[in-house]
Amino acid sequence: MAQLTYRDAVSAAIAQEMLRDSRVVLLGEDAAAAGGVFKTTVGLFEQFGPTRVRDTPISELAIMGAAMGAAMTGLRPIAEIMFSDFLACCWDYVANQFPKTRYMSDGQLGVPLVIRTANGAGARFGAQHSQSVENWAMAIPGLKVVAPSNAADAKGLLAASIRDPDPVIFFEHKNLLGNKCEVPDGEYVLPLGQAAVLREGKDATIIALAAMVPRALKAAETLAAEHGISATVIDLRCLVPLDTKTILEHSARTGRVFTVEENPRLCGWGAEIVSIIQEEAFSSIKGPMVRITTPHIPLPAADRLEDEVIPSVARIINEVRKALGK
Amino acid sequence: MSSIAPPPSAANIPEATRLELYRQMIEIRYCEKRAHDMFLQNLVKGTSHLALGHEAVAAGFGVAMNKDDYTFCTYRGHHHTMARGASMLSVLGELMGRQCGLMKGKGGSMHLTSAENGVMGSYAIVGAHLPIAAGAAWSAQYRGTKQVAAAFFGDGATNIGAFHEALNLACVWKLPVVFVCENNGYMEYTPIGAVTAVANPAADRASAYDLPRQLIDGNDAEVVYQAACDAYAKARAGGGPSLIECLTYRHGGHSRADPGKYRPKDEVEEWMKKDPVVLYRIRLLQAGIAEATLDEIDATAMAKLEAATEAAKASPPPELASAYTDVYADGGAAWRN
């Protein structure tokens with residue numbers, strides 16, 4: 001075990017898989033010689049050389065298409081889209097090409113690739129470089145959607161994504177990149193589609209993803225210490241495959257469900273989860289399920305405004321207390 | 001049509017190859033006509049974009065390829081799919097939404113795919129497959145297989161960003177990919193000249209990527225074949241991509257819904273005189289190939305078509321359960337546990 005940052009865990013996972021499998025290649029803007037603008041691919045170019053770790057022009061269509069063509073013909077490409085907001089520039093590949101090719105070809109072709117992308121707010125970059133767009137990807141059948149909340153998960157889930165035979169959109173949260181935790185040494189792979197239950201309580205179940213996970217945990221600690229509310233905290237880790245078994249089991253246990261979502265309100269992932277719970281665990285639910293989300297607005301740049309709109313520890317505490325009347 | 005490449009010396013092309021070019025063109029011609037007839041009989045549902053008139057491009061490139069080369073085509077892709085060896089039955093069956101179809105009815109006319117024949121999909125979002133073909137070429141380069149990828153696309157695709165991004169990346173990475181523009185003069189219903197800054201939408205852009213300007217007669221199967229062989233040899237030798245503009249003409253409208261009435265009558269008549277199948281038959285007869293040889297190819301193709309048509313009509317529709325298969329690699333559609 002070593003203390004690693006989230007960003008170093010990303011490059012460690014890529015190095016682990018590139019050493020293991022010569023089919024794994026990496027491409028992206030500034031991803032090779034410069035080590036990535038978020039420094040998530042540092043050292044890979046030096047270790048694996050320019051045939052496997054390639055800089056691309058600012059051509060998101062070419063990056064996505066090249067990754068797809070390579071994936072269909074025997075490679076395991078990892079493509080980087082610098083900011084998840086830029087997925088909008090190449091959404092055709094995410095929505096129409098990667099996820100539909102296996103189906104339309106009746107299983108003749110597969111697209112085993114990983115799109116890594118920096119997601120989320122906290123860097124004060126404004127409306128076109130700060131969005132949480134995991135719910136965009138969740139809406140498309142045929143994709144897998146992964147969004148780790150800590151360095152250890154980043155390593156294990158990225159390794160699994162690279163090995164996965166389906167297209168995976170892998171969201172790395174900008175605001176977590178400097179966070180450190182214990183990360184297993186050596187080969188480390190986590191299964192996709194398994195949520196993590198980070199703490200268990202009896203009064204409330206808080207379901208979170210990515211940067212909302214540490215906030216939900218901190219809120220749960222305060223709720224327990226200062227307000228007599230004991231909360232379960234679930235880190236979804238993957239939106240697809242979705243671990244509904246864990247969600248349903250722990251929602252039913254407390255009967256009070258809270259989702260903490262960084263994506264904007266409408267059609268955020270929490271809406272789907274709340275819908276599943278009400279259909280399949282209705283009799284266990286004791287009160288309205290509460291979605292704590294970013295409001296349905298573009299993101300502002302100023303720190304004071306950004307902090308106002310992204311779900312904060314204080315807001316999570318307030319919403320839980322309000323709903324439970326404590 | 002300025003500075004169009006002259007026809008190659010026919011003596012360079014062996015007779016067996018010439019007959020194969022002819023056979024491919026005849027089979028595509030017959031099968032596309034049959035597809036059209038079956039629309040009228042409501043046996044083919046949905047849309048379809050026929051390649052009648054484009055046969056020489058498909059035959060020329062198809063015959064020039066190795067078995068393990070990659071083809072990426074557009075929604076107008078029946079001809080390229082057949083030129084790689086997919087059967088008439090599998091193509092007609094897919095158009096009809098039958099179990100015998102190439103993808104058992106899950107893709108339809110616009111997405112013909114035959115991976116075993118190197119047809120890595122037909123792409124219905126204009127331009128999308130050019131970067132994908134570049135990626136397949138990158139893979140071939142990385143694996144050292146000497147395979148070449150070809151992307152076929154219409155004149156309209158030259159005005160979309162993916163065309164330019166793919167060209168640039170392919171040149172920078174020196175990828176073994178051949179970009180083939182089938183310029184039939186019309187971007188769907190609009191003359192390409194009315195919406196394009198240059199006269200030859202692909203050839204006139206080649207210099208922007210430091211590629212030679214290649215403008216050829218896309219209705220001459222041997223011209224196409226020769227250009228294809230040259231581009232493939234260059235790609236296999238590590239010389240990087242080619243961009244080839246083939247001048248051709250649709251015999252019909254853009255799609256099933258389009259009678260193509262926006263095209264001037266004399267223009268249509270002029271191009272019908274340059275029917276690639278008719279011209280090639282005359283060329284072969286003039287070269288001394290016996291009429292009986294060509295008649296036999298025609299008759300064999302027609303017999304294959306009749307058999308394929310009957311077999312496709314007799315084929316059952318797909319199993320309902322297949323609507324839920326092959327979303328993910330585990331064979332199913334499960335997004336949750």
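In this text, all values refer to a predicted model and were calculated from it rather than measured experimentally.

**Observations concerning the sheet that holds strand β2 (residues 119–123) of chain B**
All names here are of chain B.
At step 1: Strand order in the open sheet made by the six strands is β2-β1-β3-β4-β8-β7, with parallel pairing throughout. Both edges of this open sheet fall to β2 and β7 (215–217), since each of them pairs with a single strand only. In this sheet, adjacent strand axes meet at a mean angle of 20° when their direction is disregarded.
At step 2: When strand β1 (residues 70–74) meets strand β3 (residues 149–154), the two strands line up parallel, connected through three bridges. Each bridged residue has a counterpart across the sheet, and for Phe72 the counterpart in β3 is Ala151.
At step 3: Packing against the sheet, helix α7 (residues 221–236) makes contact with β3, β4 (177–183), β7 and β8 (242–247), and its axis sits at approximately 140° to β7.

**Points about the environment of A:Tyr6**
Residues and elements named next belong to chain A.
At step 1: Along the chain, the position of Tyr6 falls in helix α1 (residues 6–20).
At step 2: Expressed as a C-alpha distance, the spacing of Tyr6 and Ala154, which sit 148 residues apart in the sequence, is 6.5 Å.
At step 3: Sequence-distant contacts of Tyr6, defined by excluding residues within four places in its chain, comprise Pro148, Ser149, Asn150, Ala151, Ala154, Phe171, Glu172, His173, Leu176, Leu177 and Asn179.

**Overview of the environment of A:Asp55**
At step 1: Here A:Asp55 shows up in strand β3 (residues 53–55).
At step 2: Each C-alpha atom of the pair A:Asp55 and A:Gly287 lies 52 Å from the other, and the pair is 232 residues apart in sequence.
At step 3: In contact with A:Asp55, other than residues within four places in its own chain, are A:Gly28, A:Asp30, A:Ala31, A:Ala32, A:Ala33 and B:Trp173.
At step 4: Looking at A:Asp55, its side chain comes within polar contact range of the main-chain nitrogen of A:Ala31, at 3.2 Å.
At step 5: A distance of 3.2 Å separates the side chain of A:Asp55 from the backbone nitrogen of A:Ala33, its partner in a polar contact.

**Considerations on α7(B)**
All names here are of chain B.
At step 1: Between its first and last C-alpha atoms α7 spans 22 Å; for 16 residues at 1.5 Å apiece the expected length is 22 Å, and the two agree.
At step 2: When α7 is considered as a whole, its buried residues turn out to be Ala221, Glu222, Val223, Val224, Tyr225, Ala227, Ala228, Ala231, Tyr232, Ala235 and Arg236.
At step 3: For α7, the N-terminal capping position is held by Asp220, with its side-chain oxygen 3.0 Å away from the main-chain nitrogen of Glu222.
At step 4: Remark: Gly238 follows α7 within two positions and exhibits a positive phi of approximately 85°.

**Side note on the packing of helix α1 (residues 15–40) of chain B against helix α10 (residues 291–314) of chain B**
All names here are of chain B.
At step 1: Across the interface, α1 lies against α10 with an axial gap of 9 Å and an inter-helix angle of 35°. For the pair α1 and α10, the sense of crossing is right-handed. On α10, the residues touching Leu19, Tyr22, Arg23, Ile26, Glu27, Tyr30, Cys31, Arg34 and Met38 of α1 are Thr293, Leu294, Ile297, Asp298, Ala301, Met302, Lys304, Leu305, Glu306 and Thr309.
At step 2: The residue inventory of the contact of α1 with α10, partitioned by class, reads 11 nonpolar, two polar and six charged.

**Regarding the domain arrangement of chain A**
Think of interface size as the accessible area that goes away when the parts come together; that is how it is often given.
Residue and element names in this part refer to chain A.
At step 1: Under the domain assignment used here, chain A contains domain 1 (2–183) and domain 2 (196–324).
At step 2: For domain 1 versus domain 2, the distance between C-alpha centres works out to 26 Å.
At step 3: Taken residue by residue, the interface counts 27 residues in domain 1 and 29 residues in domain 2.
At step 4: Taken over both partners, the interface formed by domain 1 and domain 2 buries close to 2100 Å², and the fraction arising from carbon and sulfur atoms is 58%.
At step 5: Of all residues in domain 1, the largest losses of buried area upon contact with domain 2 belong to Arg124, Asn135 and Met138, amounting jointly to 29% of the total for that side.
At step 6: For the pair domain 1 and domain 2, the interface holds three salt bridges.
At step 7: Between Arg124 and Asp307 there is a salt bridge; the shortest N-O distance is 2.7 Å.
At step 8: At the surface where domain 1 touches domain 2, the tally comes to 13 residue pairs in polar contact (both at pLDDT 80 or more).
At step 9: Those elements that provide at least two residues to the side of domain 1 that touches domain 2 are α5 (134–138), β6 (144–146) and α6 (151–163).
At step 10: Taken together, the residues of the side of domain 1 that touches domain 2 break down into 12 nonpolar, 11 polar and four charged.

**Looking at the interface of chain B and chain A**
At step 1: Contact with chain B, which involves 42 residues of that partner, is made by 51 residues of chain A.
At step 2: With both sides pooled, the region where chain B packs onto chain A buries about 3800 Å², and carbon together with sulfur makes up 61% of that total.
At step 3: In terms of surface lost to chain A, no three residues of chain B exceed B:Trp138, B:Tyr142 and B:Tyr328, which account for 18% of the buried area on that side.
At step 4: Inspection of the region where chain B meets chain A yields two salt bridges.
At step 5: Among the ionic pairs, B:Lys104 bridges to A:Asp106, the shortest N-O distance being 3.0 Å.
At step 6: Summed over the shared surface of chain B and chain A, the result is 26 residue pairs in polar contact (both at pLDDT 80 or more).
At step 7: Of all the elements in the fold, those that place two or more residues in the side of chain B that touches chain A are β1, β2, α5 (129–143) and α6 (161–172) of chain B.
At step 8: Examining the composition of the side of chain B that touches chain A, we find that nine residues originate from one element, α5(B), more than from any other.
At step 9: For the side of chain B that touches chain A, the per-class residue count stands at 22 nonpolar, 14 polar and six charged.

**Notes on the pairing of strand β2 (residues 24–28) of chain A**
Residues and elements named next belong to chain A.
At step 1: Taken across its five residues, β2 has five buried, putting it largely inside the fold.
At step 2: Burial along β2 is two-sided: Val24, Leu26 and Gly28 and Val25 and Leu27, pointing in opposite directions, are all buried.
At step 3: With five bridges connecting them, β2 and strand β4 (residues 76–83) associate as parallel partners. Bridge pairing in β4 places Leu27 opposite Ala79.
At step 4: Direction of pairing for β2 relative to β3: parallel, over a ladder of three bridges. Looking at the pairing, Leu27 lines up with Arg54 of β3.

**Considering the packing of aromatic side chains**
At step 1: Throughout the structure, instances matching the rule amount to 13 aromatic pairs over all chains.
At step 2: An angle of 40° between the planes, with centres 6.3 Å apart, marks the rings of A:Tyr93 and A:Phe98 as tilted.
At step 3: The class of A:Phe98 is buried, set by a relative accessible area of 2%.
At step 4: Relative to B:Tyr249, the ring of B:Tyr186 lies with its centre 6.5 Å away and its plane at 75°, an arrangement referred to as edge-to-face. One end of the pair, B:Tyr186, is in strand β5 (residues 186–187); the other, B:Tyr249, is in the loop between β8 and α8 (265–272), with 63 residues separating them in the sequence.
At step 5: Ring pairs connect the aromatic residues B:Tyr186, B:Tyr189, B:Tyr249, B:Tyr262 and B:Trp271, which therefore count as one cluster.
At step 6: Above the ring of B:Tyr186, the side-chain terminus of B:Arg263 is found at 6.0 Å from the ring centroid.
At step 7: Sitting over the ring of B:Trp271, B:Lys274 keeps its end group 4.0 Å from the ring centre.

Rules used in this analysis
Residues numbered from 1 in each chain as written. Chains lettered and ligands numbered in written order. Predicted model: local features only at pLDDT ≥ 70, side-chain atom pairs only at ≥ 80, totals over all residues. Heavy atoms only, no water. Pairing = 2+ DSSP bridges. Helix = DSSP H or I, 4+ residues; strand = E, 2+ residues; numbered from the N terminus. Axes fitted to C-alpha atoms, helices over the stretch in contact; angles between N-to-C directions. Contact = heavy atoms within 4.5 Å. Polar contact = N/O pair within 3.5 Å; in protein donor to acceptor, adjacent residues only side chain to side chain. Expected span 1.5 Å × (residues − 1). Buried < 20%, exposed > 50% of the residue type's maximum accessible area, 1.4 Å probe, protein only. Left-handed = near helix turned anticlockwise from the far one by under 90°. Nonpolar A, V, L, I, M, F, W, Y, C, P; charged D, E, K, R; others polar. Domains from an automatic or database assignment. Buried area = accessible area lost by both parts, 1.4 Å probe. Salt bridge = Lys/Arg side-chain N within 4 Å of Asp/Glu carboxyl O. Phe/Tyr/Trp six-rings, centres within 6.5 Å; stacked < 30°, edge-to-face > 60°. Lys NZ or Arg CZ within 6 Å of the ring centre and 35° of its normal.

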